[in-house]
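Next come the chains, spelled out residue by residue.
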Amino acid sequence: MPNISRDEVAHLAKLARLGVTDEELDTFAPQLDVILESVAKVSEVVGTQQDVPPTSHAVELTNVFREDEVRQGLTQEQALSGAPAAEDGRFRVPRILGEEQ
Amino acid sequence: MSVIKQTAAELAARIHSGELSSVDVTQAHLERISKVDEQLNAFRHVDADGALEAAAKVDADIAAGKPPASPLAGVPLGLKDVLTTQGVPTTCGSKTLEGWLPPYDATVTRRLREAGVPILGKTNMDEFAMGSSTENSAYGPTRNPWDTSRIPGGSGGGSSAALAAFEAPLAIGTDTGGSIRQPGAVTGTVGVKPTYGGVSRYGLVAFSSSLDQAGPCARTVLDAALLHEVIAGHDPLDSTSIDAPVPPVVEAAKQGANGDLTGVKVGVVTQFTGEGYQRGVLDSFQAAVEQLRALGADVVEISCPSFDYALPAYYLIAPSECSSNLARFDAMRYGLRIGDDGDRSAEEVMSLSREAGFGPEVKRRIMIGTYALSSGYYDAYYGSAQQVRTLITRDFAAAYEQVDVLVSPTTPTTAFRIGERVDDPMAMYLADLCTIPANLAGNAAMSVPSGLADDDGLPVGLQIMAPTLADDRMYRVAAAYEAARGPVLDQIPEL
């Protein structure tokens, strides 16, 4: 089924906000091709059994509620302790909007 | 016998009786780490002060006549570097988290502290637990103490190598597709993946949330059971944590040790044999099955046809979940940030930081997951994989109507050489062939040493699987088998 090109790998990397070098693209493209070719085997087995329901989780998930009470969480200092940059008790991040926006 | 070669159960008894101090036991293991870890790289970080402080508290309590905080109080442990430890570095084997000091403890960490278990340090692992050899650690591979040119398994190779090298009597691992059991098998140690939801995932840095499960690693089945009971149990901080009593695994291990398996029905999975399996592994497995029969077990063959599709399904589901989970490493709130020069946008900084912070396997899996979840491919890949997951769960359910436990080799081969599979991802993935089904179904499974392969003299693991919340069944069988087989680690060469 697959046959994934260098350009497609570059596109996937962009979608995943993952910088990749030209060298990496050369290595990843054939590797991803082999992996995707191999895992495509899953569609064989279900091809004949369309009515099988999907399982997303081994444990049946239900909402877990608790009383809406104030509890001690991380302090502001703790929350910011690992921040690459902080200012005035807040996370300092690079600009989010482009020039024209 | 020297302190470091003793089991956790023996050490606990001697510490609690006042015959040995926890400080001395902890110190002996810290000295062992100083002596041999340069050859192995099993530990990412050693917290000597923290461990000795915890040990001193246990000794003070015992001197004051207080009962021990738990059956393992005073026995030190190595903690996989994927579980958060407040104020102690937690890297997950990634450059992204180099120097990060978590602001909170994982529930597993908290339970260990409350149980009086001194934490010697954090053990090395494949980056974000993705790998089967510990070669994907950004901080260098861990080496197998049986043969330092070989891998110790992965992702939790650090924990298992530490046990086999007598650097720690106990360790914690996490198992998403075999990361506790496969390292256990190739190092001649015991590794347990409890039932999914049996041990809290709070503070376990997520790789694939529907599969990740923390569990005990040890040198004996009883030690693993004692540790299992310390870390298991419901936790309101993890919404997938099961609110049910912990299976009585210590009692089961003690019962099993009497060596009688009369009336226990054991199923041999017929899919896990043949081409691709090392002859020495299959011979060891056959001998283990004969041993179980000799102990009185009723052994039958069980076919689980959908298990042939477990590996491809796993390598779609796990990367899909990982591509979403690892989006949190965005260089904004914590972790590595690269290229923030005032001109670049947040998106550019994110992309540069993730490029520098992640290794090749993590990048591959993020891209596979991104591909599998993209529109147009979703049904054929992720959708089909979820249907395979249903079929696997059904095969297990049908099998457990006929037998109490299932057995197979833990891994198709013994420990391979460092570098042998690192450029061939599919060859690496095959190491998880037999361990993955239990993760997909959420069942319990463990690996117990089944001796050394007759063709290369390296350790082999017997995998024992049990239904959800019937973890005690596999402990009973494992303890009986272990008692009959005898120790394996006494044959390990001196480092």
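Participant: Is there a simple way to explain the overall build of chain B in this structure?
Facilitator: A count of helical and extended segments in chain B gives 16 helices and eleven strands. For 495 residues, the compact-globule estimate of 2.2 N^0.38 gives 23 Å, and the C-alpha radius of gyration of chain B, at 21 Å, lies within 12% of that figure. In terms of overall dimensions, chain B has a C-alpha envelope of 70 × 55 × 45 Å along the principal axes. Of the contacts formed within chain B by residues at least 6 apart in sequence, a portion of 77% connects residues at least 24 apart.

Participant: Can you help me understand the environment of B:Ile418 in this one?
Facilitator: All names here are of chain B. By secondary structure assignment, the location of Ile-418 is in the loop between β9 (405–409) and α14 (425–429). Residue Ile-418 is classed as buried on the basis of its C-beta count, with 20 C-beta atoms lying within 10 Å. C-alpha separation for the pair Ile-418 and Lys-193, spaced 225 residues apart in sequence, amounts to 25 Å. Apart from residues lying up to four places away in sequence, Ile-418 is in contact with Glu-135, Pro-141, Ser-149, Arg-150 and Ile-151.

Participant: Any chance you could explain the pairing of strand β4 (residues 170–174) of chain B here in plain terms?
Facilitator: Residues in a regular strand point their side chains to alternate faces of the sheet. All names here are of chain B. For β4, a buried count of five out of five residues is recorded, marking the element as mostly surrounded by other parts of the structure. Of the two faces of β4, the one lined by Leu-170, Ile-172 and Thr-174 and the one lined by Ala-171 and Gly-173 are each fully buried. Pairing between strand β2 (residues 77–80) and β4: two bridges, direction parallel. Along β4, the bridge assignment pairs Leu-79 with Ile-172.

Participant: Would you mind going over the sheet that holds strand β1 (residues 43–46) of chain B with me for this structure?
Facilitator: Sheets are built from strands paired through backbone hydrogen bonds, the pairs being either parallel or antiparallel. Residue and element names in this part refer to chain B. Strand order in the open sheet made by the eleven strands is β1-β3-β2-β4-β6-β5-β10-β11-β9-β7-β8, with mixed pairing throughout. The open sheet has two edge strands with one neighbour each: β1 and β8 (298–302). Between one strand axis and the next, the sheet turns by 25° as a mean value, whatever way the strands run. In this fold helix α9 (residues 279–294) packs onto β7 (265–269), β8, β9, β10 (444–452) and β11 (459–466), with an angle of close to 50° to the strand it touches most, β11. Lying on the sheet, helix α16 (residues 471–485) is in contact with β7, β9, β10 and β11; it crosses β10 at an angle near 10°.

Participant: Would you explain the environment of B:Thr26 in this entry?
Facilitator: All names here are of chain B. Of note, Thr-26 is situated in helix α2 (residues 22–40). When the C-alpha atoms of Thr-26 and Val-75 are compared, they prove to be 7.4 Å apart, with 49 residues separating the residues in sequence. Ignoring anything within four residues of it in the chain, the contact list for Thr-26 reads Ala-51, Leu-52, Ala-55, Pro-76 and Pro-118.

Participant: Teacher, can you tell me more about the interface of chain A and chain B here?
Facilitator: Interface size is commonly expressed as the accessible surface area that is lost when the partners come together. Contacts between the two partners involve 47 residues from chain A, matched on the other side by 56 residues from chain B. At the level of elements, α1 (6–15), α2 (22–39), α3 (42–47) and α4 (76–80) of chain A are the ones that each hand at least two residues to the side of chain A that touches chain B.

Participant: Could you clarify how one ought to interpret helix α3 (residues 48–63) of chain B in this entry?
Facilitator: Residues spaced three or four apart along an α-helix point in a common direction, a consequence of the helix completing one turn every 3.6 residues. Residues and elements named next belong to chain B. In a regular helix each residue adds 1.5 Å, so 16 residues correspond to 22 Å; α3 covers 22 Å between its end C-alpha atoms and thus fits that length. For α3, the set of buried residues is Ala-51, Ala-54, Ala-55, Val-58, Asp-59 and Ile-62. On an axial view of α3, the arc spanned by its buried residues comes to 140°, and they lie on one face. Residues of α3 that are exposed and angled more than 90 degrees away from the buried face: Asp-49, Ala-60 and Ala-63. Just past α3, the residue Gly-65 takes up positive phi, approximately 80°.

Participant: Just to check I follow, could you spell out the packing of helix α7 (residues 221–231) of chain B against helix α8 (residues 249–256) of chain B for this structure?
Facilitator: Axis angle and axis distance: for two packed helices, these are the angle between their axes and the distance between the axes, and together they describe the pair. Residue and element names in this part refer to chain B. Running from amino to carboxyl end, α7 crosses α8 at an angle of 165°, the nearest separation of the two axes being 8 Å. On the basis of their axis angle, the class for α7 and α8 is roughly antiparallel. Classified by chirality, the crossing of α8 by α7 is left-handed. Residue-level contacts link Val-221, Leu-222, Ala-225, Leu-226, His-228 and Glu-229 of α7 to Val-249, Val-250, Ala-253 and Lys-254 of α8.

Participant: I would appreciate a short explanation of helix α12 (residues 360–372) of chain B in the present structure.
Facilitator: Compared with an ideal rise of 1.5 Å per residue, which puts 13 residues at 18 Å, α12(B) spans 18 Å between its outermost C-alpha atoms and is within 8% of the ideal. In terms of burial, α12(B) is largely enclosed, as eleven of its 13 residues are buried.

Participant: How do you make sense of unusual backbone geometry when you look at a structure like this?
Facilitator: Negative phi values dominate among residues other than glycine, just as trans dominates among peptide bonds. All names here are of chain B. Gly-154 connects to Ser-155 through a cis peptide bond whose omega is 10°. Relative to the assigned elements, Ser-155 resides in the loop between β3 (119–123) and α5 (157–164). Of note, the phi angle at Ala-129 is positive, near 70°, even though the residue is not glycine. With respect to the helices, strands and loops of the structure, Ala-129 is situated in the loop between β3 and α5. C-beta crowding within 10 Å serves as the criterion here: with 30 such atoms nearby, Ala-129 is assigned to the buried category. Phi angles above zero are rare outside glycine, and Thr-134 is one such case at about 65°.

Here is what the cut-offs are and how they apply
- Starting from 1, residues in each chain are numbered consecutively following that chain's sequence as written.
- To read the labels, note that chains go from A and ligands from 1, taken in the order they are written.
- Only residues with pLDDT of 70 or above have their local features reported here, since the model is predicted, and side-chain atom pairs are shown and tallied only from 80 upward, although totals for entire chains, interfaces and linings are computed over all residues.
- Here a helix means four or more residues in a row that DSSP labels H or I, a strand means two or more in a row labelled E, and each is numbered from the N terminus.
- With the radius of gyration taken over C-alpha atoms, the globule rule is written as 2.2 Å times the number of residues to the power 0.38.
- Any residue pair is listed as a contact if its two C-beta atoms, each placed from the backbone, are within 7 Å.
- Three exposure classes are used. Buried residues have 20 or more other C-beta atoms within 10 Å of their own C-beta, exposed residues have 12 or fewer, and partly exposed residues fall in between, all C-beta atoms being placed from the backbone.
- Each pair of strands is called paired provided DSSP finds at least two bridges between the two strands.
- In this analysis an axis means a line fitted to C-alpha atoms, helices contributing only their contacting stretch, and an angle means the value between N-to-C directions, from 0 to 180 degrees.
- Every helix has an expected span of 1.5 Å times one less than the residues it contains.
- The arc in question is the one traced by the directions running from the helix axis out to the C-beta atoms.
- Should an angle fall under 35 degrees it is called roughly parallel, over 145 degrees roughly antiparallel, and 65 to 115 degrees roughly perpendicular, with every other angle called oblique.
- Helix crossings get a hand from a simple test, with the near helix turned counterclockwise from the far one by less than a right angle marking a left-handed crossing and a clockwise turn marking a right-handed one.

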